[in-house]
Amino acid sequence: MQARTPEELLREMTWLRRLARSLVADQATADDLAGDTLAVWLANRTPLRNVRAWLRKVLRHRADRHRRREQLRERGEGAAARSEPLPAVDEALHTAQLHRAVADAVLALAEPSRSAVVLRYLEDLPLHEVARRLRVPAETARTRIKRGIEQLRARLDERYGNRASWAALLTAHPALPALPSLTLLMGTKSLLAASAIAIAAVLSLWLTRDPTPPPAVLSQAASVPAGSPVADAPREQDTTPAMRHSAEPVGRGARPTAAVTGRVLDEATRLPLREVDVSWLALDSATPRSQPGVRTGADGRFELTTLVAAPQDHCVVLLRQQERALLTVDLGTPEGQAPLRFDVGDVLMPPGTAVSGTVFDAAGDKAPATPLFVCLFSFWTNEGRIVRLEQARLVGRSTDDGTFVLDDRLLPNRPPPILIAAGERGVGFVDLADLRRDRGEATADVHLLAPSPLRVHVTDERGEPVAGALVVTEPRFLPICMPGTFPIRVENVPELADSFCRRTDAGGRAELQPVALRGASSTPYTLRVEASGRDSSLVRVQVPHAGDLEIVLPTQRLLEVHGTVRHDGGRPVAGATVKARWRANAAAQTRDDGSYSLALARGEGPLWLEVAARGAFPARQQSQPDAAATSVEVDFTLQPAIELLGNIVDEDNRPVAGANVWISGDDGQSTPSDRDGRFRMPVPPASARVLSVQPPEPSSAWLGHVEHLLLPGQSTVTLVLTRHARGRARLDVELLDPQGKLLEPRDVTLAREDGPTTEHPATGTIGRITADGLTPGEWTLRVEPTNGCELLARFRVQPDEDVSLRLQQPMPASARGDVVFDVPPGQQPERVDVFFTAGGQRARFLDEKGQPLPQGRRLRLRTADGLGFSLADADPTRVLSISAEAGDYAGEAHVHFDRSAEARVRIVVRALARVHLRSAAPLLADNLMLQFRRRGEAWGESLHFRGLAGRTDLIDWKLPAGEWEWRLRLPTRGDDNRTASPWHDGRFEVAAGAGARIDVPDR
């Protein structure tokens, strides 16, 4: 601290009092402000170039704050004068002690939170100035301040027992008198303590007020903000019969309420987490929205009561806490009458990864104030990976210098989450592939794609402009959207909608700015145009070639859907509910003669119809009405049903709430178990069915889903789900490279060999992998490193015994090989696919220049170009199995490196052998699981067969000739699944072009 003489202090105090007198009218207030400012200077440890300039700035801030407080006080006194008694002396002393406790807690804060809190609340600096002083981005400064406030609240809660006991006093006496000028006579330590008490006075209001609502992530639930291009244009009143139907389905009544209970625990310590924000979010309604949430108590428990937004909504519960990963608990589509109850049990919150980076525009310049979104989940199709753009969540925005720190920590996923930046300068996206479950940091720079102008003019059938029409440019390129015409409701995501949507002006015109992919001649979009009371329009466009478009929206034509609903004996069904899903939803009930009729607006894709009646199994159909049709007839025949009463428990016989139950092969909606683990659903009485049970979220806490065979006429069943994390066994693995240095894993897969095929969560860091809650049995650990060959370990877990492994990566080997054909003359195929099979190798095929191929685990060779290949990064300590397939021909080779650095491979392609699976009696083989392997090798992928009810000749499977082992397992059956179905196994030898038979054992 800088030395200051009494003469210097007196000189500055005189100058400060004179300056303060020019800022406020009251002399006493001026003296207090001057004393406060001088105390701040004495507590300051940073060298100052210009002391008086710094003091002037601090004094002006404190004077401005004093004026704001006086204005608020005067307004409050003018609105309503209160005649409350003055606090007693002991209460005032208690309040002073409480302020001192706040001061002590401030001084006890660890860096960097302490500096951020002092700068923000003592020096009253704005957020951007705090960030500049600390030399960090604004988001980082905001995070440090929020973290400090949360720590202060937690310490006061711990000291005083609960929030109410100390919040009431701080609210009643939010500020202490300002420090008088007599503080000049205090010593340095006393001045620091007084300054800390001044912090306590300022913090009093902040500690007792409700926290700011979760930024960004929950804003998906808000409507499009006023002032946006989507919101500002006039909107027409929707009066179509279909929309009136969908507002309140027949027989449903008022919107039901839902109560969600659970407990939030720290994933590592299993201790309760307090102050976790819990909120409800509906995803599928026309305007996704959240509702006010709650916070967990000291025991980590919460109870959230809310309204279900709409019957068709897919609902989740969001869990947020600073310094922990954002979690979603999936509740599915709540069905039934009020009140609905869900118990999600224990939810484990991991630390997750903090993501930061920079947003650049197409010119390479930093893009400030750009909103950032995250799509957490994606899936693979035949076309490639797809993320649902309409489920993107706002997680922050870039600062003035283009940098960002996401508001929430994130968790790894497969495929990884995708980060999207969308603003006036364009749209960009990047995979978040470096996320970890434990506390970590990742950097992701986003480069925006350049926008291209697209002008649209919308008119009706008479040529008159249509004002207020919604124009949406739906991207049709991977990975951010699905190819085809499936509607992408990006207009439901606030702020993201500004980059893809506009509303037409009074002249029916709108201009959009869709982006074009780099290096592509054109980028596909679907232009969707909608206006209330008019038919929608879908136009395929290519950017940047689209230019100006003229679109006609004729007056809406309603489609009438009618038909009859009968029992399988021909008797009409009265009072059945018929639901239709197309552009909008509609519902109707059948009349006494079983007939029904409803009208709905025309939409895109197939028209879905569903019929439900008491005592009958639901029936579903889809129809594709002709574009010119004004009506369509759809008849239903219902099968009788009995009510299945089920009970879902864990292995300790405790009820499991929130598990989803449905019938395999039926495309109906799932039925969730209630807080007591019970569920009800209709099932056909005269046929066997497979019941599928998906564990509640988070799924990482459970071993996997259950497939159970229901026998004809069965009306009760108990199904047992197994939990992952119960403290049974812990896995600790040390990872080393060939030189003995710590190895960094890129991907970790941990799964049971002798149980369900679902994966178990494992945490991978540099040189180490850990996992908790392993159940007894055979396990496989597969580690894909950033460089070199893959690591594979098989181990057995004993009850309550931890497992420690040490895996060292060997020096990788390479191989060269050729494919030759042993086929009849003239039948040689033009192409052959070469790929790796059982063995768990990470080897990669190389191109002509010796570089690894992007999709390096499969290679397509043309016979005319030669059938030679080469590979690298193979594990020389394990056998490498390589297969080649071409139509009905296949061959394989097993490479033994024998500690050599390179091997030669020769694959002979011959006619495939056929394996015939047969049952002596009719068998429901839905989800029958079959595996093959060569003798002494690892089992291959599980083959799941579905929809084979009542057949004896089940399936033919193609395999290369040779000696094989097989094993087969059927779903559990009967009243419960406590006794797992055993594996049935055997072996066979088959020649090329011949066949073998496997008989399903009689159970």
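Residues numbered from 1 in each chain as written. Predicted model: local features only at pLDDT ≥ 70, side-chain atom pairs only at ≥ 80, totals over all residues. Heavy atoms only, no water.

1. Regarding the overall build of the protein
Our working rule: Counting from the N terminus, the helices are DSSP H or I runs at least four residues long and the strands are E runs at least two residues long. Partly exposed describes any residue whose relative accessible area lies between the buried limit of under 20% and the exposed limit of over 50%, with all areas from a 1.4 Å probe on protein chains only and scaled to the type maximum. Note on definitions: a residue-residue contact is assigned when non-hydrogen atoms from the two residues lie within 4.5 Å. Only the protein chains shown count as cover for residues, with accessible areas throughout obtained via the Shrake-Rupley method and a probe of 1.4 Å.
Counting its regular elements, the protein contains eleven helices and 64 strands. Here the protein holds 1003 residues, and the buried ones make up 49% of them. Partitioning the contacts of the protein with sequence separation of at least 6, the portion at a separation of at least 24 is 68%. Here the protein displays about 46900 Å² of accessible surface, and carbon together with sulfur accounts for 49% of that area.

2. What to know about the nonpolar core
Quick note on the threshold: By nonpolar core is meant a set of buried Ala, Val, Leu, Ile, Met, Phe, Trp, Tyr and Cys residues that side-chain atoms within 4.5 Å join together.
Membership of the largest hydrophobic core comes to 43 residues, with the highest contact counts inside it found for Leu496 and Leu527. Broken down by secondary-structure element, the contributors of at least two residues to this core are strand E9 (371-375), strand E14 (418-423), strand E18 (454-459), strand E19 (470-475), strand E21 (509-512), strand E22 (523-530), strand E23 (537-543) and strand E24 (548-552). Setting aside residues no more than four positions away along its own chain, Leu527 makes contact with Leu454, Val456, Val471, Val472, Thr473, Ser537, Leu538, Val539, Val541, Leu549 and Ile551. In terms of nonpolar packing, the next biggest core, distinct from the first, is built from 29 residues, Val823, Leu861, Ala893 and Ala903 among them.

3. What about the environment of Leu743?
Summarising the element assignment, Leu743 is placed in the loop between strand E41 (730-736) and strand E42 (745-752). Sequence separation between Leu743 and Pro785 is 42 residues, and the spatial gap between their C-alpha atoms is 7.2 Å. For Leu743, the residues in contact, after removing those within four places along its chain, are Leu735, Leu736, Asp737, Thr765, Ile766, Gly767, Pro785, Leu791 and Gln809.

4. Quick notes on the sheet that holds E24
Rules: By definition, two strands form a pair when at least two bridges between them are found by DSSP. The axes used here are C-alpha line fits, helices contributing only the stretch in contact, and every angle between their N-to-C directions lies in the interval 0 to 180 degrees.
The three strands are arranged E21-E18-E24 in an open sheet whose pairing can be described as mixed. A single partner strand is all that each edge strand has here, and the edge strands are E21 and E24. Strand-to-strand twist across the sheet, computed as the mean angle between neighbouring axes with direction ignored, equals 25°. Across four bridges, E18 lies against E21 in antiparallel orientation.

5. Considerations on the pairing of strand E54 (residues 880-886)
Across the seven residues that make up E54, a large majority, six, are buried. Pairing analysis gives four bridges linking strand E50 (residues 831-836) to E54, with the strands arranged antiparallel. Its bridge partner being in E54, Asp833 is matched across the sheet by Glu885. The sheet contact formed by E54 and strand E55 (residues 889-895) spans seven bridges and is antiparallel. Paired with Ser883 across the strands is Glu892, a residue of E55.

6. Topic: the packing of aromatic side chains
Given two aromatic rings, their pairing is described by the distance between the two centres and the angle made by the two planes. Operational definition: Pairing of aromatic rings covers Phe, Tyr and Trp, the last counted by its six-membered ring, and requires centre-to-centre distances within 6.5 Å; plane angles under 30 degrees mean stacked, over 60 mean edge-to-face, and any other angle means tilted. In our convention, an over-ring charge means Lys NZ or Arg CZ found within 6 Å of a ring centre and within 35 degrees of that ring's normal.
Here the structure, examined in full by the defined rule, presents five aromatic pairs. Both rings, one in Phe836 and one in Phe845, keep their centres 4.6 Å apart while their planes meet at 5°; by these two values the pair is stacked. Look at Phe845 and you get buried, because its relative accessible area is 0%. What links up through ring pairs into an aromatic cluster is the set Phe429, Phe477 and Tyr525. The ring centre of Trp983 lies 4.1 Å from the NZ or CZ of Arg967, which sits over that ring.

7. Overview of the pattern of salt bridges
Test applied: By definition here, a salt bridge exists when the distance from a side-chain nitrogen of Lys or Arg to a carboxyl oxygen of Asp or Glu is within 4 Å.
By the definition in use, this model includes 36 salt bridges. A salt bridge links Glu734 to Arg806, with the shortest nitrogen-to-oxygen separation between them at 3.7 Å. Pair noted here: Glu734 is in strand E41 and Arg806 is in strand E48 (residues 803-808), with a separation of 72 residues, a long-range link. Using a relative accessible area of 28% as the deciding quantity, one classes Glu734 as partly exposed. The salt bridge partner of Arg987 is Glu965, with a shortest N-O separation of 3.5 Å. Placement of the pair is Arg987 in strand E63 (residues 984-990) and Glu965 in strand E61 (residues 962-969), with a sequence separation of 22 residues. A relative accessible area of 12% places Glu965 in the buried class.

8. Side note on the confidence of the model for the protein
Predicted coordinates in regions of low pLDDT should not be interpreted in detail. Quick reminder of the rule: The score called pLDDT rates the predictor's confidence residue by residue, from a low of 0 to a high of 100.
Across the protein, the average pLDDT comes to 76, with 75% of residues at or above 70. When the elements of the protein are averaged for pLDDT, helix H11 (residues 241-247) gives the smallest value, 28, and E18 the largest, 94. Every residue in residues 79-89 scores below 50 in pLDDT, and together they form one contact with partners more than four places removed in sequence or on other chains. Note that residues 204-254 has pLDDT below 50 and, in this model, 117 contacts with residues that lie over four places away or in other chains.

9. A closer look at the sheet that holds strand E12 (residues 393-397)
A sheet is described by the order of its strands in space; here four strands give the open sequence E12-E9-E14-E15, paired in antiparallel fashion. Among the strands making up the open sheet, the edge pair consists of E12 and strand E15 (426-431). This sheet shows a mean twist of 25° between the axes of neighbouring strands, independent of strand direction. As judged from the six bridges shared by E14 and E15, these two strands associate in the antiparallel manner. Counted as the bridge partner of Ala422 is Val427 from E15.

10. Let's talk about the environment of Ala584
Among the structural elements, Ala584 can be located in the loop between strand E26 (577-581) and strand E27 (585-589). Residues Ala584 and Arg602, spaced 18 residues apart in sequence, show a C-alpha to C-alpha distance of 8.2 Å.

11. A look at the environment of Gln589
Inspection of the secondary structure puts Gln589 in strand E27. Given a relative accessible area of 40%, Gln589 falls into the partly exposed group. Between the C-alpha atoms of Gln589 and Ala574, which are 15 residues apart in sequence, the distance is 7.8 Å.

12. Side note on the side chain of Ser398
Put simply, the rule is: Two N or O atoms form a polar contact when they lie within 3.5 Å of each other; inside protein one atom must be a possible hydrogen donor and the other a possible acceptor, and for residues adjacent in sequence the pair counts only when both atoms belong to side chains.
Structurally, Ser398 can be placed in the loop between E12 and strand E13 (403-405). The exposure class assigned to Ser398 is buried, which follows from its relative accessible area of 4%. Reaching out from Ser398, the side chain makes a polar contact with the backbone nitrogen of Ala369 at a distance of 3.0 Å. Ignoring any residue separated from it by four or fewer positions in sequence, one finds Ser398 in contact with Val359, Ala367, Pro368, Ala369, Thr370, Leu372, Thr403 and Phe404.

13. Side note on unusual backbone geometry
Peptide bonds are, in most cases, trans, and in most cases residues other than glycine have a negative phi. Pro479 follows Leu478 through a cis peptide bond whose omega is 5°. You can see Pro479 is positioned in the loop between E19 and strand E20 (501-503). Backbone torsion omega between Val543 and Pro544 reads 15°, so that peptide bond is classified as cis. Structurally, Pro544 is set in the loop between E23 and E24. Even without being glycine, Arg270 reaches a positive phi, approximately 65°. Within the secondary structure, Arg270 is located in the loop between strand E1 (257-266) and strand E2 (277-282). On the basis of relative accessibility, which here comes to 30%, the residue Arg270 falls in the partly exposed class. You will see that Asp873, though not glycine, has its phi angle at about 60°, which is positive.

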